[in-house]
Amino acid sequence: MSRAVVLGGGLAGVLAAAVLAGHADEVVLVEGDRYPSGPRPRRGLPQSHHSHVLVAGGARALDALLPGTVDALLANGAHLRGLPGDALIFSADGWFRRLRTDAHLISCTRGLLDQVVRRRALGGGDVEVWEDTRALGLTGDEARITGVSVSRRGAPPETVRADLVVDATGRRSHAPRWLAGVGAGDIEEVSVATGLAYATRLYQAPGDLAAAIPAIMLHPGTAKGQPARGATLFPVEDGRWIVTLTGTRGGEPPTDEQGFTAFARSLRHPIVADLMAEATPLGAVWPYRDTVNRRRFFERARLPAGFAVVGDAAVAVNPIHSHGMSVAALGALRLRDELARHGIGPSLFAGLQAALAAEAERSWRMAIEQDGQRVTARATARIGERAGEQVTEGVAERAGGDDAPRREPNAFEREIRTRLAQAKLSSPRLAAAFFGVQTLICDDTATDRSEIARVLTGRPEPLLTGEEAIGQHPALAAWLRLRFAAATG
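What counts, and where the lines are drawn
- Residues numbered from 1 in each chain as written.
- Predicted model: local features only at pLDDT ≥ 70, side-chain atom pairs only at ≥ 80, totals over all residues.
- Heavy atoms only, no water.
- Core = buried A, V, L, I, M, F, W, Y, C linked by side-chain atoms within 4.5 Å.
- Buried < 20%, exposed > 50% of the residue type's maximum accessible area, 1.4 Å probe, protein only.
- pLDDT = per-residue confidence, 0-100.
- Contact = heavy atoms within 4.5 Å.
- Helix = DSSP H or I, 4+ residues; strand = E, 2+ residues; numbered from the N terminus.
- Pairing = 2+ DSSP bridges.
- Axes fitted to C-alpha atoms, helices over the stretch in contact; angles between N-to-C directions.
- Phe/Tyr/Trp six-rings, centres within 6.5 Å; stacked < 30°, edge-to-face > 60°.
- Lys NZ or Arg CZ within 6 Å of the ring centre and 35° of its normal.
- Expected span 1.5 Å × (residues − 1).
- Parallel < 35°, antiparallel > 145°, perpendicular 65-115°, else oblique.
- Left-handed = near helix turned anticlockwise from the far one by under 90°.
- Nonpolar A, V, L, I, M, F, W, Y, C, P; charged D, E, K, R; others polar.

Let us look at the nonpolar core. Grouped together as the largest cluster of nonpolar side chains are 103 residues, with contacts concentrated most on Leu15 and Leu20. With 34 residues, the next largest nonpolar core counts Leu233, Leu245, Ile271 and Ala469 among its residues.

Below you can see the structure in the form of structure tokens.
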């Protein structure tokens, strides 16, 4: 009988276990904590109290794995918002116009999403779940993993035989140490710091606006020499909003009541602060600081047969990009495809890790580019040819080592960049391409050259004012008018 053991009972682990249940005679899911009885934060998940959205590519993958899951989420109070059609977005270049595209996001608490997915993935009894069980290490050698050592509910260690062990233990994974323990080689790793911190709080929304509100995103501005600050506000289930404030070094959002409120009021536009003022805070402000982009290149190592790594344990990007859950779903879908092609056997192990890494590549590259980090020459060589490029609105320049000279763009190049950046605010085709990439439904190499040519040669669209941008969302605009009327008597 074949047996697969999945280490880590978060989203990546649950989806991997569900996939493996169709190919192994036995599947054991090892979870270090206990699952909550309802849609509440899970112990052991560092970001459980923070904003979580499922972007379009991840939602499609999730429904392909577990048909009907997106409908179940929406039926339980999650919200679907088109991008940028159902969103109020203030980018560094201006306000987006409401435009219909295929891109969207689904917002809800992480507790709700995990509960819905667990029920649909594990409810059939095909996966044996061991809660309160710690993974201690791998068994086998540098050629073949034969199982895993675990400790169940504080009991002495025991060895569980497995034909395949999947590590889904997240950012805190000990896989490199475990592999060293069986004589396997070192795992190359790259970390790219972001300097970003964020803090999150739940609010009970005003009843007349709770579900009607668009997704709100105030991207950090670009004031030279000043910390970048921003905010998001998403509707979640039970008439609540989840507010996340972000800031770079020197501008980290406070976690006390007065400081959190003042920070929101200091942003480039007061809309989030105004909404917070009319809502009722629920619980504490939760900070988060581990926003480093971190990648372990398991696919480049000579991994022992019978072992694979999925999710954040392999590629963990800054959570602010909202890709973690979606990449986990896309990775599970790729795992299903590889199992369907090869089964659990030698031909699977030869290319499995490379296939899983390919599903995370777009998200990794995007995070590196958008976080604006310069990678050293050695790290760039490890990341690969593409990730060393800093891409801004389709204009790429090669990043060298820290001491490499960097040519500043001339006035013409700056004008081109500005025109392209502002054009995507109003061009349906450019916005569709931009948000398609952001939500993992389009490849970032697809370029609408004819639209770019039209933008660069035509008359620029006027930028929206904040009042005009808000006016695109009737319920929000009406609420603000009433609020202003009440304040002015």
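Model confidence for the protein is summarised by a mean pLDDT of 88, while 91% of its residues fall at 70 or above. For residues 373–405, every residue scores under 50 in pLDDT, and the model assigns this stretch 66 contacts once sequence neighbours within four places are set aside.

Moving on to the side chain of Asn293. Tracing the sequence through the fold places Asn293 in strand β19 (residues 293–296). Classification of Asn293 by relative accessible area gives buried; the value is 0%. Here Asn293 is in contact with Val190, Ser191, Val192, Thr194, Ala316, Val317, Asn318, Trp364, Ala367, Ile368 and Asp371, once residues within four sequence places are set aside.

The antiparallel open sheet is built from 3 strands, whose spatial order is β3-β7-β4. Only two strands of the sheet have a single partner each, and these edge strands are β3 (52–55) and β4 (79–82). Between one strand axis and the next, the sheet turns by 30 degrees as a mean value, whatever way the strands run. Looking at chain direction, β3 and strand β7 (residues 104–108) are connected through 4 bridges and run antiparallel. Across the sheet, residue His52 finds its bridge partner in β7, namely Cys108. Strands in contact with helix α2 (residues 56–65) are β3 and β7; relative to β3, the strand with the most contacts, it is inclined by about 75 degrees.

On inspection of all chains with the given rule, the structure shows 5 aromatic pairs. Between Phe96 and Phe434, the aromatic rings sit 6.2 Å apart at their centres with planes inclined by 20 degrees, giving stacked as the arrangement. In this pair, Phe96 is assigned in the loop between β6 (94–95) and β7 and Phe434 in helix α12 (residues 428–438), connecting sequence segments 338 residues apart. Looking at Phe96, the relative accessible area reads 2%, which means it is buried. Aromatic rings pair up to connect Phe96, Phe434 and Phe435 into one cluster. Over the face of the ring belonging to Tyr35 we find Arg118, whose NZ or CZ atom lies 4.3 Å from the ring centre. The ring of Phe90 carries the charged tip of Arg268 above its face, separated from the ring centre by 3.9 Å.

On to helix α11 (residues 411–423). With 13 residues, α11 ought to run about 18 Å at 1.5 Å a step, and its terminal C-alpha atoms sit 18 Å apart, in line with that. Those residues of α11 lying buried are Ile416, Arg417, Arg419, Leu420, Ala421 and Ala423.

Quick look at the packing of helix α7 (residues 271–278) against helix α15 (residues 474–488) now. Closest axis-to-axis distance for the α7/α15 pair is 12 Å, and the angle between their directions is 70 degrees. Judged by the angle between their axes, α7 and α15 are roughly perpendicular. The crossing of α7 and α15 is left-handed. When α7 is examined against α15, the residues Ile271, Asp274, Leu275, Ala277 and Glu278 are found in contact with a partner set consisting of Leu476, Trp479, Leu480 and Arg483. Its residues assigned to classes, the contact of α7 with α15 comprises 6 nonpolar, no polar and 3 charged.

The subject of this paragraph is the sheet that holds β6. Two strands in a sheet stick together by hydrogen bonds in their backbones, pointing the same way (parallel) or opposite ways (antiparallel). One open sheet holds the 7 strands; their spatial order is β6-β5-β15-β16-β17-β14-β18, and the pairing between them is mixed. Both edges of this open sheet fall to β6 and β18 (280–288), since each of them pairs with a single strand only. In this structure, strand β14 (residues 196–204) lies alongside β18, joined through 6 bridges in antiparallel fashion. Across the sheet, Ala199 pairs through a bridge with Pro287, a residue of β18. Here α7 sits on the sheet in contact with β5 (87–91), β14, β15 (215–218), β16 (229–236), β17 (240–248) and β18, set at roughly 130 degrees to β15.

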